[in-house]
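# Chain and residue survey
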Amino acid sequence: MARRPKYKGIDHLSPVDRVVVGLMIAIPTLLVLWLVWLPAIASVLLSFTNWDGIGPISGAKVIGLKNYSDVVNIYPPFWPAVQHNLIWLAALFLVATPFGLFLAVLLDRELRGSRVFQTAIYLPVVLSLALIGFIWQLIYSRDQGLINQVTGSTIDWYGDQRYNLWAALLAASWRHVGYIMLLYLAGLKGVDPSLREAARVDGASERTTFFRVVFPVMAPINMIVIVVTVIEALRAFDLVWVINKGRNGLELISTLVTSNIVGEASRIGFGSAMATIMLIVSSVFVALYLRVMMKEQR
Amino acid sequence: MTRHASEADYLASLVPPSVRGVSRRTLLRGAVGAGTLFAAPALLAACGGDSGSSGGGKATGTVTLGSNQSDAVPKAAVQAVVDAFQKANSGLTVKVNTIDHNTFQENINNYLQGSPDDVFTWFSGYRMRFFASKSLAGDVSDVWKNLQGMSDALKKASTGDDGKQYFVPSTYYPWAVFYRKSVFAKYGYQAPKTLDELKSLGAQMKKDGLVPIAFGDKDGWPAMGTFDQLNLRINGYDFHVSLMAGKEPWNSDKVKKVFDTWAGLLDLHQPDSLGRTWQEAAQALQQKKAGTYILGSFVAQQFKAGAEQEDLDFFNFPEIDSNIGADAIDAPIDGYMMSKRPKNQAGAAKLLGYLGSADAQNLAVKADPSVIATSDKADQSAYTPLQKKSVEFVKQAKSIAQFLDRDTRPDFASTVMIPAIQSFIKNPKDVDGLVNTIEKQKQSIFAS
């Protein structure tokens, strides 16, 4: 093996190395600018125009905030979509995430067959949401589905807007639980066993140990889980798109953006306005997250 | 990528292949452009399918044909026509690129601005004229010079705003109320002539344990057909045209009356319609669980050829207002268009000429007997009874509309009317609120 000289800072790098390092910084930066920032800024700018996606963009007229006022005031699916996104967030946050944590705690106790359970619960995470939508279709289908075959009911789980949001949420949670379980399981394995022992010596009960000692120690994981949950709720899209293109009780902001922009409607400006609203909402969460992370690092 | 990632790339593609060459600059321009927002829709469009082909400006070579006829029966019909064309023109090969019907329709803007196939399936109506006026479609006036047996009405339906033809009609099909003869005979039903007769027939069917009107609106467009029928009967053809053109207010009493009348019929419709596709609803009719179904004659695709299709019959949607009558119908025309700059123009023109001919249409309607040929020269002796009746039915109609989503702006049809009609089906009580929201959105969209 060749002996390498000790690294003494950038001044000591050979010109070739400097170029390599430069490229290693420049290329990812350019990619991020190009794939993330440019489209994001372009969306925001487009949201002030009435571009129909046909012909050069110079043909678009700037119409100020009209798209935004239309979205909020006269576009009937918008407010249900906001409501559904909030329900989605609440359900993931209050039901799916705690349930994932609960499963992680159970599995962390090294029960017999815990590996099998672990795999079984994690399995849906590997599947795409589109596929999950299809799998659950087999269960929910009005005429051929498992539920209706077994119970003899004729409820149209995906078609009836009284049920379809909850049916979709159950399918989404099925996947989310596995994801959260794995994150917490990793977190729990990382907790220093001596902390638990110390708590036990001090006479703390199982429950107190968990809530007072183990859970607070996992603070970084908690933060990640919160962010993951919020992001999952905001970007919920594939599942409902597979079910019915986000219509009829399954409106979500993301599906409205897509059906306005991508479909033959091509209301690029109008759809961009909704995309921008989504961007602002997500930025709030991202900013909160970054603030907490920065504080911790200091 | 088979489709262009950006406007720059698209513009580059307009240069003929012989001049273009592949320079590094073209690649670079494409790459830079791809970073802008054009990337997202174009990437999605790229999933649409492969459209690569070779061939210069000769009358031989390969012609690409983009087809939205993805259902089994019409797909076979396209293939039958293409095979016959290739047989007759040994120098030409046609590469059929079939794309799922709904996907094709939804990606049409990106498709046409990317590298569309030389010839592609489309419909007559507002959107055909719209693409022509946006320079996304090729002028086929020369093809029309040699077309025979096409009526003036068809020519008008194929003409863009600039007076040139952009569309070659192939087949069409009427919308009506379909039923099975055996079911009507078994219970002694008569085809209703008025709305009241329709209602009492529905009530009788309910007593007999049938769903009076099969109904499925999961995809959002089939219910537009019901709206059209009611609107044509209550307000007439001229009103339909102005309403679709955005010239009439949607919150007028006339439109309200359409929705109110529909609300009175809704309990005759098959329930839970928003989770059901038209195919599933058609099967309710086919399985004799439903008495009637308001749909286009393509409903026959869900019936087995032969005895089962011969059992299928239809009647005109009954008269509602005797001043308006019942002589206006929906009969959308399907056909073909040429892309703006086909890679094989001579071949494309030849193919289009053939597609508009009686020979090609004979094959098409034979393979898919749920539609009828547009050419007068087409051989009607081989028609099924249903096709013969369709021809009669279309002939007796005084005015022929296309269809709600073909007669109006696509953005209005898909982002306003689909959610509006679905919300009406969910909650038929708030018609006032409904028509007001439609009108507000219409004003905003038609103003842009």
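Residues numbered from 1 in each chain as written. Chains lettered and ligands numbered in written order. Predicted model: local features only at pLDDT ≥ 70, side-chain atom pairs only at ≥ 80, totals over all residues. Heavy atoms only, no water.

So, about the overall build of chain A. In terms of regular secondary structure, chain A is built from 13 helices and zero strands. The order of helices and strands in chain A, counted from the N terminus, is α-α-α-α-α-α-α-α-α-α-α-α-α. At 25 Å, chain A has a C-alpha radius of gyration far larger than the 19 Å of a compact globule built from 298 residues. Viewed in the frame of its principal axes, chain A has a C-alpha envelope of about 75 × 70 × 40 Å. Burial statistics for chain A: of 298 residues in total, 40% are counted as buried. (Helix = DSSP H or I, 4+ residues; strand = E, 2+ residues; numbered from the N terminus. Rg over C-alpha atoms; globule rule 2.2 N^0.38 Å. Buried < 20%, exposed > 50% of the residue type's maximum accessible area, 1.4 Å probe, protein only.)

Right, let's talk about the packing of helix H4 (residues 114-126) of chain A against helix H7 (residues 164-189) of chain A for a bit. Residues and elements named next belong to chain A. Direction vectors running N to C along H4 and H7 enclose 120 degrees, while the axes themselves pass 7 Å from each other. Between H4 and H7, the angle falls in the class oblique. Seen along the crossing, H4 lies across H7 with a hand that is left-handed. Residues Gln 118, Ile 121, Tyr 122, Pro 124 and Val 125 of H4 form the contact with H7, whose participating residues are Trp 174, Arg 175, Val 177, Gly 178, Tyr 179, Met 181, Leu 182 and Leu 185. In the contact of H4 with H7, the residues fall into ten nonpolar, two polar and one charged. (Axes fitted to C-alpha atoms, helices over the stretch in contact; angles between N-to-C directions. Parallel < 35°, antiparallel > 145°, perpendicular 65-115°, else oblique. Left-handed = near helix turned anticlockwise from the far one by under 90°. Contact = heavy atoms within 4.5 Å. Nonpolar A, V, L, I, M, F, W, Y, C, P; charged D, E, K, R; others polar.)

A separate point is the pattern of salt bridges. Residue and element names in this part refer to chain A. On inspection of all chains with the given rule, the structure shows 20 salt bridges over all chains. In this structure, Arg 235 engages Glu 232 in a salt bridge whose closest nitrogen and oxygen atoms are separated by 3.1 Å. Separated by three residues within a single helix, Arg 235 and Glu 232 lie in helix H10 (residues 219-235), roughly one turn from each other. Given a relative accessible area of 47%, Arg 235 falls into the partly exposed group. (Salt bridge = Lys/Arg side-chain N within 4 Å of Asp/Glu carboxyl O.)

Moving on, we get to the sheet that holds strand E7 (residues 290-296) of chain B. All names here are of chain B. The mixed open sheet is built from four strands, whose spatial order is E6-E7-E5-E8. The sheet is open, and its two edges are formed by strand E6 (211-214) and strand E8 (312-315), each paired on a single side. Pairs of neighbouring strands in the sheet enclose a mean axial angle of 30 degrees, with direction left out of account. Sheet topology note: the strand E5 (residues 175-180)/E7 ladder contains five bridges and is antiparallel. (Pairing = 2+ DSSP bridges.)

Moving on, we come to the interface of chain B and chain A. Tallying the contact residues gives 43 residues for chain B and 39 residues for chain A. Seen at the junction of chain B and chain A, the total is one salt bridge. The residue Lys 134 of chain B makes a salt bridge to Asp 52 of chain A at a minimum N-O spacing of 3.2 Å. Counting every contact that joins chain B to chain A gives seven residue pairs in polar contact (both at pLDDT 80 or more). For the side of chain B that touches chain A, the elements supplying multiple residues, two or more each, are helix H3 (24-34), helix H6 (101-106), helix H7 (108-113), helix H8 (126-133), helix H22 (410-426) and helix H23 (431-447) of chain B. Of all the elements, H22 of chain B adds the most residues to the side of chain B that touches chain A, at nine residues. In terms of residue class, the side of chain B that touches chain A is built from 16 nonpolar, 16 polar and eleven charged. (Polar contact = N/O pair within 3.5 Å; in protein donor to acceptor, adjacent residues only side chain to side chain.)

A few words on the domain arrangement of chain A. Here chain A is described as being made up of domain 1 (10-59) and domain 2 (77-266). Summarising the inter-unit geometry, the C-alpha centres of domain 1 of chain A and domain 2 of chain A are found 34 Å apart. (Domains from an automatic or database assignment.)

What the rule picks out here adds up to 39 aromatic pairs over all chains. When the ring of Phe 210 of chain A is compared with that of Phe 211 of chain A, the centres are 5.2 Å apart and the planes differ by 85 degrees; the resulting orientation is edge-to-face. We classify Phe 210 of chain A as buried; its relative accessible area is 14%. A residue is classified by how much of its surface remains accessible, and Phe 211 of chain A, at 52% relative accessible area, is exposed. Relative to Phe 393 of chain B, the ring of Phe 314 of chain B lies with its centre 5.1 Å away and its plane at 70 degrees, an arrangement referred to as edge-to-face. Pair noted here: Phe 314 of chain B is in strand E8 and Phe 393 of chain B is in helix H20 (residues 385-396), with a separation of 79 residues, a long-range link. Among the residues examined, Phe 314 of chain B registers a relative accessible area of 1% and is labelled buried. Take Phe 393 of chain B: its relative accessible area is 6%, and that puts it in the buried class. Members of the aromatic cluster, each reached through a chain of ring pairs, are Phe 104, Tyr 111, Phe 120, Trp 122, Phe 123, Tyr 126, Phe 130 and Phe 131 of chain B. Above the ring of Phe 270 of chain A, the side-chain terminus of Arg 267 of chain A is found at 3.9 Å from the ring centroid. Of note, Arg 409 of chain B hangs over the ring of Phe 446 of chain B, and the distance from its end group to the ring centre comes to 5.6 Å. (Phe/Tyr/Trp six-rings, centres within 6.5 Å; stacked < 30°, edge-to-face > 60°. Lys NZ or Arg CZ within 6 Å of the ring centre and 35° of its normal.)

For Lys 245 of chain A, which is not glycine, the phi dihedral falls at a positive 60 degrees. Counting through the fold element by element, Lys 245 of chain A comes out in the loop between helix H11 (238-244) and helix H12 (253-261). What makes Lys 245 of chain A partly exposed here is its relative accessible area of 23%. Its identity as a non-glycine residue notwithstanding, Asp 272 of chain B has a phi of 55 degrees, on the positive side. Along the chain, the position of Asp 272 of chain B falls in the loop between helix H15 (253-265) and helix H16 (278-286).

Another aspect to go through is helix H9 (residues 206-217) of chain A. Residue and element names in this part refer to chain A. Its twelve residues give H9 an end-to-end C-alpha distance of 15 Å, which sits within 8% of 16 Å, the value for a rise of 1.5 Å per residue. For H9, every residue scored as buried is listed here: Thr 209, Phe 210 and Val 214. Projected down its long axis, H9 carries its buried residues within an arc of 95 degrees, all on one side. What points out from H9, more than 90 degrees from its buried face, is the exposed set Arg 207, Phe 211 and Arg 212. (Expected span 1.5 Å × (residues − 1). Arc of directions from axis to C-beta.)

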